[in-house]
Amino acid sequence: MLVRADFEKREVITPKQYNYVDSPLPGVSRMMLDRQGGEVARATSVVKYAAGAGYTAHTHGGGEEIFVLEGVFSDEHGDYPAGTYIRNPPGSSHTPFSKHGCTILVKLWQFASGDNQQMALNTTEMEWRPGLVPGLSVLPLHEHDGISTALVRWAPNTQFNPHVHPGGEEIFVLEGLFRDEHGEYPVGSWLRSPRWSKHTPFTESEGALIYVKVGHIGADFMQLPAAD
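None of the values given here were measured: they were computed from a predicted structure.

Rules and cut-offs
Residues numbered from 1 in each chain as written. Predicted model: local features only at pLDDT ≥ 70, side-chain atom pairs only at ≥ 80, totals over all residues. Heavy atoms only, no water. 1 Å grid on protein atoms, 1.4 Å probe; cavity = no way out; pocket = protein on both sides within 12 Å on 5 of 7 lines; lining within 4 Å. Points joined across faces, edges and corners; volume = space filled by probe spheres on them. Nonpolar A, V, L, I, M, F, W, Y, C, P; charged D, E, K, R; others polar. Helix = DSSP H or I, 4+ residues; strand = E, 2+ residues; numbered from the N terminus. Salt bridge = Lys/Arg side-chain N within 4 Å of Asp/Glu carboxyl O. Buried < 20%, exposed > 50% of the residue type's maximum accessible area, 1.4 Å probe, protein only.

Asker: Explain empty space enclosed by the protein residue by residue, including any values.
Answerer: Counted by the stated rule, this structure contains one cavity of 30 Å³ or more. What the largest cavity holds in volume is close to 80 Å³. What lines the largest cavity is a set of 13 residues, and nearest its centre among them are Arg87, Gln110, Ile147, Lys213 and Phe221. Counted by class, the lining of the largest cavity contains four nonpolar, four polar and five charged residues.

If you want it as structure tokens, here you go:
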């Protein structure tokens, strides 16, 4: 299966375009943002758990990265409320579920070899750093081999400089209304920009909070297993 799998193209998905499809397990559905592969895939998805839904115990051969968008996501290791950032490295196992329902952003098979850090960060309890321009605050989440993930908070009426992303950029809008010269992106919007893309982002009166990953487009991730 190929879904928005041409990483040389700019892609934008807004919530109006969401189309959730059922997973193999009852009560779990997903909006596929990009995907290369079948049930085992290099993929980025928004995943919804109905109350009481969950997966059986399984191992993540290529790693799993999660940001909890709504509700409380859980596994046998703990409970993770909205705003939690989780990394389960290649070879890790768990049995995920949600007692009352949740929505999560999930990236699978997007770990480089040697990226073995397991983590669960409650970002609502962490300290932010000043950004590069007034009105910008940054909360770094993870960095490995030139690939960085962070939350970026934009105060209302903040203007950033024109800039280039040599390794591409991926954004998920968590709060407010994010903008650049190409358009405006409400909460739930997903943007993926190719290597060497350029833009000039800004906010107006609403401000914004975004989840950002850079440097990963075209990166050397662990290889997917051969299809049967």
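The discussion continues.
Asker: Run through the layout of surface pockets, naming residues and quoting values.
Answerer: Quantified by volume, the largest pocket comes out at close to 510 Å³. Around the largest pocket, the lining is made up of 29 residues, and of these Glu39, Tyr55, His58, His60 and Leu108 lie nearest the centre. Among the secondary structure elements, those contributing two or more residues to the lining of the largest pocket are strand 4 (28-37), strand 5 (41-49), strand 6 (58-60), strand 7 (64-75) and strand 11 (102-108). Ranked by residue count, the leading element in the lining of the largest pocket is strand 5, at five residues. Looking at the lining of the largest pocket residue by residue, the class counts come to 16 nonpolar, nine polar and four charged.

Asker: Run through the pattern of salt bridges, naming residues and quoting values.
Answerer: A full pass over the atoms with the stated rule returns eleven salt bridges. For glutamate 65, the salt bridge is made with lysine 213, and the minimal N-O distance between the two is 3.1 Å. Residue glutamate 65 is located in strand 7, and its partner lysine 213 is located in strand 21 (residues 208-214); the two are separated by 148 residues in the primary sequence. Assigned by exposure class, glutamate 65 and lysine 213 land together as buried. We note a salt bridge from glutamate 170 to lysine 107, for which the minimum N-O separation is 2.8 Å. With glutamate 170 in strand 17 (residues 169-180) and lysine 107 in strand 11, the pair connects residues that are 63 residues apart, well separated along the chain. Taken as a pair, glutamate 170 and lysine 107 share a single burial class, namely buried.

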